[in-house]
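Structure assessment
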Amino acid sequence: MAVLLVVEDDVSVRNVLIRDLYAHGHTVRSVGTALEALRQVSNSPPEVVILDLGLPDLDGREAMSMLRSVSDVPTIVATVRDDEREIVRLLRSGADDYLTKPFSSEQLAARIETVLRRTAAPSPTQLTVGELVIDPDRRSARLAQSELQLSRREFDMLVYLARRPGSVVSRRELLSNVWQQAYGDDQTIDVHLSWLRRKFREVTDQSHYLHTVRGVGVKLEAP
Ligand code: CA
């Protein structure tokens, strides 16, 4: 079973969740604020986070995006608002699943199992483009035999492009698939692309893998 982090400020709700999830065989940790949750996730990451959105310190969506800025940990959000637009926004901010309060422990336990199954699914094998070798499983990338030190976004963007070698991908597509933002600043992409290019240049002089196609987007192709 899994190590779970329950983020819930209501002590009675929290105790019920802890008791029931424990009964399902999970190891349960709990905190009552978003900031404590961020600290926990950074210091000793759980396998799944159950995040209440009505926390005293941060608005639900803010909490979700801050969590995503530090970790990819699968997260199920619990909301009292059965509001479709809000739910879509939460999923876009990186939530893996959601539950509307009140929910049964049975339902939560089932969602946890699904999320765990999904994240444990065998990830695609190594991707190779020219001398660039990416292992999405181990989150490692090598160029010309040198290990690249990439940030989470740089790595995710590289994987996204490496799965479509030679195809032009628009900045919009990268924003919505890598950043999970429906709207955003194209410059974000350009900045990350320039960082990636610099890291490539540092390890090889055959570094021209990222080709900008003016007015369209970017493609990954061996030089
Ligand atoms: Ca609450």
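See the structure shown above.
Let's talk about the sheet that holds strand β4 (residues 75-79)
Whether parallel or antiparallel, the strands of a sheet pair through hydrogen bonds between backbone atoms. Read across the open sheet, the five strands follow the order β2-β1-β3-β4-β5; overall the sheet is parallel. Of all the strands in the sheet, just β2 (27-31) and β5 (97-100) have a single pairing partner and so form its edges. Adjacent strand axes in the sheet meet at a mean angle of 20°, parallel and antiparallel pairs treated alike. The sheet strands contacting helix α1 (residues 11-23) are β1 (3-7), β2 and β3 (48-52), and the helix crosses β2 at an angle near 165°.

Points about the pairing of strand β8 (residues 140-143)
Of the pairings in the sheet, the one linking strand β7 (residues 132-135) to β8 comprises four bridges and is antiparallel in character. Each bridged residue has a counterpart across the sheet, and for I134 the counterpart in β8 is A141. Taken together, β7 and the strand that follows it, β8, pair antiparallel across an intervening segment of four residues, in which R139 is found at a positive phi of about 50°. Looking at chain direction, β8 and strand β9 (residues 146-147) are connected through two bridges and run antiparallel. Bridge assignment links L143 to a residue of β9, and that residue is S146. Between β8 and the antiparallel strand that follows it, β9, lie two residues; A144 among them carries a positive phi value of about 45°.

Let's talk about the coordination of the calcium ion
Octahedral metals with six donors have ideal donor angles of 90 or 180 degrees. Tetrahedral metals with four donors have an ideal donor angle of 109.5 degrees. In the first shell of the calcium ion, the protein supplies D9 (OD), D52 (OD) and G54 (O), at 2.3 to 2.4 Å from the metal. In the primary structure, the donors to the calcium ion are separated according to the pattern D-x42-D-x1-G. Of the residues examined, D52 reaches a relative accessible area of 5% and is grouped as buried. With a relative accessible area of 46%, G54 lands in the partly exposed category.

A few points about the nonpolar core
Counting 27 residues, the largest nonpolar core has L132, I134, M157, L174, F200 and L220 as the members making the most contacts within it. Going through the elements one at a time, β6 (127-129), β7, β8, α6 (152-162), α7 (171-177), α8 (186-203) and β11 (217-220) are the ones with two or more residues in this core. Looking at which element gives the most residues to this core, the answer is α6, with seven residues. Residues V7, A37, V41 and A95 belong to the second largest nonpolar core, which totals 19 residues.

Quick notes on helix α4 (residues 84-92)
Residues of α4 that are buried: E86, I87 and L90. The buried side chains of α4 occupy one side of the element, clustering within an arc of 100° when seen end-on. In α4, the exposed residues that point more than 90 degrees away from the buried face are E84 and R85. Structurally, α4 contributes buried residues whose contacts are with α3 (60-70), β4 and β5. Looking at where α4 begins, the residue whose side-chain oxygen comes 3.0 Å from the main-chain nitrogen of R85 is D83. A positive phi of about 115° marks G94, the residue just after α4.

Quick look at the pairing of β5
It is a general feature of regular strands that their side chains alternate between the two faces of the sheet. Side chains of β5 alternate between two faces, with D97 and L99 buried and Y98 and T100 left unburied. By the bridge criterion, four bridges tie β4 to β5 in an arrangement that is parallel. Bridge pairing in β5 places T79 opposite T100. Read as a crossover between parallel neighbours, the route from β4 over α4 to β5 is right-handed.

Describing α1
Between its first and last C-alpha, α1 extends 18 Å over 13 residues, near the 18 Å set by a 1.5 Å rise per residue. Within α1 the residues assigned to the buried category are R14, L17, D20 and L21. Along the long axis of α1, the arc covered by the buried residues comes to 140°, so they all point the same way. In α1, the exposed positions that point more than 90 degrees away from the buried face belong to R19, Y22 and A23. Backbone geometry just downstream of α1 places G25 in the positive-phi region, at approximately 95°.

So, the packing of aromatic side chains
Pairs of aromatic rings are described using the distance from one ring centre to the other and the angle between the two planes. Inspection of the entire model under this criterion finds one aromatic pair. Plain terms: the ring middles of F200 and Y209 are 6.1 Å apart, the flat faces sit at 85° to each other, and that makes the pair edge-to-face. With relative accessibility at 0%, the residue F200 sits in the buried group.

Rules used in this analysis
Residues numbered from 1 in each chain as written. Predicted model: local features only at pLDDT ≥ 70, side-chain atom pairs only at ≥ 80, totals over all residues. Heavy atoms only, no water. Pairing = 2+ DSSP bridges. Helix = DSSP H or I, 4+ residues; strand = E, 2+ residues; numbered from the N terminus. Axes fitted to C-alpha atoms, helices over the stretch in contact; angles between N-to-C directions. Contact = heavy atoms within 4.5 Å. Donors = N, O, S within 2.8 Å, 3.2 Å for Na, K, Ca; no water. Buried < 20%, exposed > 50% of the residue type's maximum accessible area, 1.4 Å probe, protein only. Core = buried A, V, L, I, M, F, W, Y, C linked by side-chain atoms within 4.5 Å. Arc of directions from axis to C-beta. Polar contact = N/O pair within 3.5 Å; in protein donor to acceptor, adjacent residues only side chain to side chain. Right-handed = clockwise from strand over helix to strand, strands pointing away. Expected span 1.5 Å × (residues − 1). Phe/Tyr/Trp six-rings, centres within 6.5 Å; stacked < 30°, edge-to-face > 60°.

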